[in-house]
Amino acid sequence: MTEQQLSTVEAELYDRQIRLWGIKSQERLRAANILLIGVRGLGSEIAKNIMLSGINSLVILDDGEVTEEEPQTNFLINQDSIGMKIADAVLVKAQALNPLVKVSADTSDLATKDPKFFEGFTMIIATRIKTDLLMKIDKVCRANNVKLIFGDVFGSFGYSVSDFQEHDYYEDQLRLVSKKRVLDATETKPEKETVNVKGQIVYPELNKVLILPNTKQSVDHIKKVKRRNEYFFLMLILLEFRNRQNRNPDIEHKEKDIALLQDIKIAVLDLYGFDHHKLNDVLFELVFGEVVPVCAVLGGVIAQEVIKAVSQKEVPINNVFLFDPVTFCGKEETVA
């Protein structure tokens with residue numbers, strides 16, 4: 001039996017989802033080898049969802065250690081795991097979610113990885129990394145036809161950005177089809193019929209989507225959209241903060257971190273010519289820590305996009321998803 005073929009046990013286990021998206025899509029999932037970078041609050045939710053979908057293998061890469069606070073936001077970690085490597089600590093509960101999936105931990109530093117390490121995966125999911133490293137990974141992915149999705153949760157705000165390159169998908173659509181009537185072959189009667197339609201989305205490289213101050217790249221293609229969502233710029237501000245501080249905003253340094261976020265806001269919004277009043281500084285009060293329900297929502301969205309991209313079933317988001325920290329609604333944004 002090849003990796004693409006489903007065993008009898010798998011067919012029974014995944015029966016409900018096979019009915020939903022079909023045997024071919026499930027076989028594509030069965031053959032998928034996924035790399036998950038970062039398994040904190042958001043990463044644990046992503047891991048849960050893609051494990052249950054029935055992929056072939058999952059490599060969890062995280063060189064961090066379990067702190068006293070970690071079990072509060074990460075349901076894959078026990079209280080007695082404090083001091084362990086996070087990737088090792090989550091293995092037992094992760095494997096229990098689906099014993100048919102091969103799960104392994106990698107506790108090495110992502111920055112030390114040889115580019116060839118990324119070439120063998122079907123899909124890479126990245127969280128909690130700086131943009132310079134993200135761009136290097138995206139370049140390797142594009143050279144080897146590996147799909148990439150990147151996301152984070154900052155407090156009650158979250159987002160994801162996809163680069164599925166030239167992505168083909170299949171979508172079921174209801175269409176009116178003229179059929180001849182049985183009693184009178186000369187007459188036709190329109191009837192609704194489900195048709196499997198092929199489509200394609202061409203994604204831009206991430207270095208054309210996530211453009212920060214001092215990168216010396218043109219943002220004219222992004223500025224063309226007059227009603228750009230303000231949370232797109234909040235995402236860029238937070239990424240720039242991580243690039244500068246090598247960490248996320250920390251509640252222990254709240255006053256200092258908010259002051260830096262305000263300075264970065266000026267640089268980012270000036271770069272894009274965006275009205276400063278449309279992005280309220282009050283939002284910076286909402287970006288500390290990882291709010292567990294937001295991790296659950298965004299983890300579901302990212303896992304859904306992974307499943308759609310791998311299975312080629314249904315239309316994926318093109319190409320940015322933003323989770324509103326005030327209304328708790330999700331919004332799609334196309335940056336091309």
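What counts as what
Residues numbered from 1 in each chain as written. Predicted model: local features only at pLDDT ≥ 70, side-chain atom pairs only at ≥ 80, totals over all residues. Heavy atoms only, no water. Helix = DSSP H or I, 4+ residues; strand = E, 2+ residues; numbered from the N terminus. Areas by Shrake-Rupley, 256 points an atom, 1.4 Å probe, with all protein chains shown as cover. Lys, Arg positive; Asp, Glu negative; His and termini not counted. Charge placed at Lys NZ, Arg CZ, Asp CG, Glu CD. Pairing = 2+ DSSP bridges. Core = buried A, V, L, I, M, F, W, Y, C linked by side-chain atoms within 4.5 Å. Buried < 20%, exposed > 50% of the residue type's maximum accessible area, 1.4 Å probe, protein only. Domains from an automatic or database assignment. Contact = heavy atoms within 4.5 Å. Buried area = accessible area lost by both parts, 1.4 Å probe. Salt bridge = Lys/Arg side-chain N within 4 Å of Asp/Glu carboxyl O. Polar contact = N/O pair within 3.5 Å; in protein donor to acceptor, adjacent residues only side chain to side chain. Axes fitted to C-alpha atoms, helices over the stretch in contact; angles between N-to-C directions. Parallel < 35°, antiparallel > 145°, perpendicular 65-115°, else oblique. Left-handed = near helix turned anticlockwise from the far one by under 90°.

Student: Even after reading the chapter, I still don't get the overall build of the chain, so can you show me in this structure?
Tutor: Helix and strand content of the chain: 12 helices and 10 strands. Along the longest, intermediate and shortest principal axes, the C-alpha atoms of the chain span 80 × 50 × 35 Å. Summed over its atoms, the accessible surface of the chain is roughly 16,500 Å², and 50% of this surface lies on carbon and sulfur atoms. In the chain, which carries 42 positive and 49 negative side-chain charges, the distance between the mean positions of the two groups comes to 6 Å.

Student: Is there a simple way to explain the pairing of strand β10 (residues 330-333) in this structure?
Tutor: Consecutive side chains of a regular strand alternate in pointing toward one face of the sheet and then the other. Bridging between strand β9 (residues 320-323) and β10 involves 4 bridges; their strand directions are antiparallel. Residue pairing in the sheet places Phe321 in a bridge with Glu332 of β10. Hairpin connection, β9 to β10: the antiparallel pair is bridged by 6 residues, and Phe328 has positive phi, about 60 degrees.

Student: Hey, could you run me through the nonpolar core in this one?
Tutor: Proteins that are soluble and globular tend to have nonpolar side chains buried together. Core analysis: the largest hydrophobic core is formed by 56 residues, its most contacted members being Ile124, Ile137, Leu210 and Met235. In terms of residue count, the dominant contributor to this core is helix α10 (residues 230-245) (10 residues). Looking at which domains feed residues into this core, each of domain 1 (8-166 + 291-333) and domain 3 (206-285) gives three or more. Not counting residues within four places of it along the chain, the set of residues in contact with Ile137 comprises Ile37, Leu110, Phe118, Ile124, Ile129 and Leu148.

Student: Is there a simple way to think about the domain arrangement of the chain in this case?
Tutor: Reports of interface size often rely on the accessible area that becomes lost once the parts have come together. The domain boundaries assigned to the chain delineate domain 1 (8-166 + 291-333), domain 2 (169-197) and domain 3 (206-285). On a C-alpha basis, the centroid separation for the pair domain 1 and domain 2 is 40 Å. Roughly 490 Å² of surface becomes buried between domain 1 and domain 2 when both sides are summed, with 49% attributable to carbon and sulfur atoms. Sorting the residues of domain 1 by area buried against domain 2 places Gln312, Glu314 and Val315 first, and these three jointly supply 70% of that buried surface. Viewed at the interface, domain 2 and domain 1 are joined by 1 salt bridge. Note that Lys313 and Asp172 form a salt bridge whose closest N and O atoms lie 3.0 Å from each other. At the junction of domain 1 with domain 2, the criterion picks out 3 residue pairs in polar contact (both at pLDDT 80 or more).

Student: Mind showing me how you'd approach the packing of helix α4 (residues 41-53) against helix α12 (residues 292-311) here?
Tutor: The relative placement of two packed helices comes down to the angle between their axes together with the axis-to-axis distance. Taken N-terminus to C-terminus, the directions of α4 and α12 make an angle of 40 degrees; their axes are 8 Å apart at the nearest point. The angle between the axes of α4 and α12 places the two elements in the oblique class. Of the two possible hands of crossing, α4 and α12 adopt the one that is right-handed. Residues Gly41, Leu42, Glu45, Ile46, Asn49, Ile50 and Ser53 of α4 form the contact with α12, whose own contacting residues are Cys295, Ala296, Leu298, Gly299, Gly300, Ile302, Ala303, Val306 and Ile307.

Student: Explanation requested: the side chain of Asn229 in the structure shown.
Tutor: Residue position: Asn229 is located in the loop between α9 (220-223) and α10. Exposure remark for Asn229: the relative accessible area of 9% places this residue in the buried category. Excluding residues that lie within four positions of it along the chain, Asn229 makes contacts with Leu322, Lys331 and Glu333.

Student: How should I be thinking about the side chain of Ser156 in this particular structure?
Tutor: Within the fold, Ser156 resides in the loop between β5 (147-154) and β6 (157-163). Beyond its immediate sequence surroundings of up to four residues, Ser156 is in contact with Leu286, Val291, Val294, Phe323, Asp324, Pro325 and Phe328.

Student: I keep staring at the pattern of salt bridges and nothing clicks. Help me out?
Tutor: Two side chains bearing opposite charge may form a pair once their charged atoms approach each other closely. Per the stated rule, a full pass over the model turns up 15 salt bridges. The partner of Asp106 in a salt bridge is Lys113, with the nearest N and O atoms 2.6 Å apart. Assigned by exposure class, Asp106 and Lys113 land together as buried. Here Arg247 makes a salt bridge to Asp257, at a shortest N to O gap of 2.9 Å.

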